[in-house]
Amino acid sequence: KFLLYSCILKCLDKGLAISALLSVGKSVFVDGESGEAKLARRKFSHESGSDFLMLSNVYSAYESNPTRKFCISNNLNHSVLMDAANLVSQLTSSLLTSAWIKTSHLSPYSSNSPSSNLLTSCLLSGLTTLAFPTSSSAYTFRTEPVYLHSSSSSSSPSLKTPLLFYERFTTSKTWISTVSNVSNLSIALLTEPLSIDYGARTIHVGEGKLSKGVYKCKLKEGIAVYEFKRKLSKGFEKVFKGEKDEEWDDTVGRLVEILKYEGAVI
């Protein structure tokens, strides 16, 4: 689903890179906990602090110079990047076969890749692992306290917004890594399930005791977000099945503007 939204929102080149590197299942850095690896992370870090976007920076740099020498000089794992490049080709072929794209040249499907918020929002459509801030150093995942691991390229993300994460492991504490800050509005629009607490005027994601209020707003605005989310979900379901949705292009255009400018056109 992440890749499909990357096609729809035109972030495909970076979406493919991130999907491939996560799917390989090995660190793109040699000796991931070493001082050299930490320096490499800083070199390829993204201004947003997102580890996912850091991975896309690594892959873009490798595409420009896909040599073992480049990887050695930057403390990168050459075999992992070669595997990722092969996987990008396979995923591109799959998207072509299924008619989600019409050409293997990715530029027509990547015009919005510079928008970090759009790309992170695409990730939200495929990942459901959200940690919500609870204190100056801790988050909660479902009901469990979790902490940001030092391997993250951003050791001090914004504590005002949730973290989307890819990895979770336990030692003396439960840690999360490969993370990105995500906006509450993006969560409200691209995660399931969704409900409105009319009394508190808050949009919630999750079910039962795991429900989290993520978007507090005026009632009229909350209903608008909720209704747009329903329209988006129905449209995506139709498009995924190969059915025609007359309003789909307009819906996608509105979604791009909403995510770029954080609700300005809701």
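Structural data are supplied above this passage.
Quick notes on the rules
Residues numbered from 1 in each chain as written. Predicted model: local features only at pLDDT ≥ 70, side-chain atom pairs only at ≥ 80, totals over all residues. Heavy atoms only, no water. Axes fitted to C-alpha atoms, helices over the stretch in contact; angles between N-to-C directions. Helix = DSSP H or I, 4+ residues; strand = E, 2+ residues; numbered from the N terminus. Parallel < 35°, antiparallel > 145°, perpendicular 65-115°, else oblique. Contact = heavy atoms within 4.5 Å. Nonpolar A, V, L, I, M, F, W, Y, C, P; charged D, E, K, R; others polar. 1 Å grid on protein atoms, 1.4 Å probe; cavity = no way out; pocket = protein on both sides within 12 Å on 5 of 7 lines; lining within 4 Å. Points joined across faces, edges and corners; volume = space filled by probe spheres on them. Phe/Tyr/Trp six-rings, centres within 6.5 Å; stacked < 30°, edge-to-face > 60°. Buried < 20%, exposed > 50% of the residue type's maximum accessible area, 1.4 Å probe, protein only. Lys NZ or Arg CZ within 6 Å of the ring centre and 35° of its normal. Pairing = 2+ DSSP bridges.

Draft legend 1. Structural context of the packing of helix 2 (residues 12–24) against helix 4 (residues 51–64). Running from N to C, helix 2 and helix 4 cross one another at 100 degrees; their axes reach a closest spacing of 9 Å. As judged from the angle between their axes, helix 2 and helix 4 are roughly perpendicular. In this structure, helix 2 uses Lys14, Ala17, Ile18, Leu21 and Leu22 to contact helix 4, whose residues at the interface are Phe52, Leu53, Leu55, Ser56 and Tyr59. Here the contact of helix 2 with helix 4 is built from residues that sort into 8 nonpolar, 1 polar and 1 charged.

Draft legend 2. Region of the structure containing the layout of surface pockets. Considering only enclosed or pocket space, the largest pocket measures out at about 410 Å³ in volume. Secondary structure elements with two or more residues in the lining of the largest pocket: helix 2, helix 4, strand 4 (163–170) and strand 5 (174–181). Take the lining of the largest pocket: its biggest share by element is 3 residues, from helix 4. When grouped by side-chain class, the residues that make up the lining of the largest pocket number 8 nonpolar, 7 polar and 5 charged.

Draft legend 3. Structural detail: the packing of aromatic side chains. Throughout the structure, instances matching the rule amount to 5 aromatic pairs. The interplanar angle of 50 degrees and the centroid separation of 6.5 Å between the aromatic rings of Tyr59 and Tyr62 together place this pair among those described as tilted. Here Tyr59 pairs with Tyr62, and both are found in helix 4, just 3 residues apart, close to one helical turn. The same class applies to Tyr59 as to Tyr62, namely buried. Through pairs of rings, three or more aromatic residues link up here, namely Tyr5, Phe236 and Phe240. Just above the ring of Tyr147 sits the side chain of Lys173; from NZ or CZ to the centre is 4.3 Å.

Draft legend 4. A look at the sheet that holds strand 7 (residues 202–205). If you trace the 3 strands from one edge of the open sheet to the other, you get 6-7-8, paired in antiparallel fashion. Each having just a single partner strand, strand 6 (194–197) and strand 8 (212–216) make up the two edges of the open sheet. Adjacent strand axes in the sheet meet at a mean angle of 35 degrees when their direction is disregarded. Lying on the sheet, helix 9 (residues 219–240) is in contact with strand 6, strand 7 and strand 8; it crosses strand 6 at an angle near 165 degrees.

Draft legend 5. Structural context of the pairing of strand 6. The two faces of strand 6 differ: Leu194 and Ile196 on one face are buried, but Ser195 and Asp197 on the other face are not. Across 4 bridges, strand 6 lies against strand 7 in antiparallel orientation. Its bridge partner being in strand 7, Leu194 is matched across the sheet by Val205. Where strand 6 folds back on strand 7, the antiparallel hairpin that results is connected by 4 residues, among which Arg201 adopts a positive phi of roughly 55 degrees.

Draft legend 6. Structural context of the environment of Lys220. Mapped onto the secondary structure, Lys220 falls in helix 9. Classification of Lys220 as exposed rests on a relative accessible area of 75%. Considered as a pair, Lys220 and Phe240 are 20 residues apart in the sequence and their alpha carbons are 30 Å apart.

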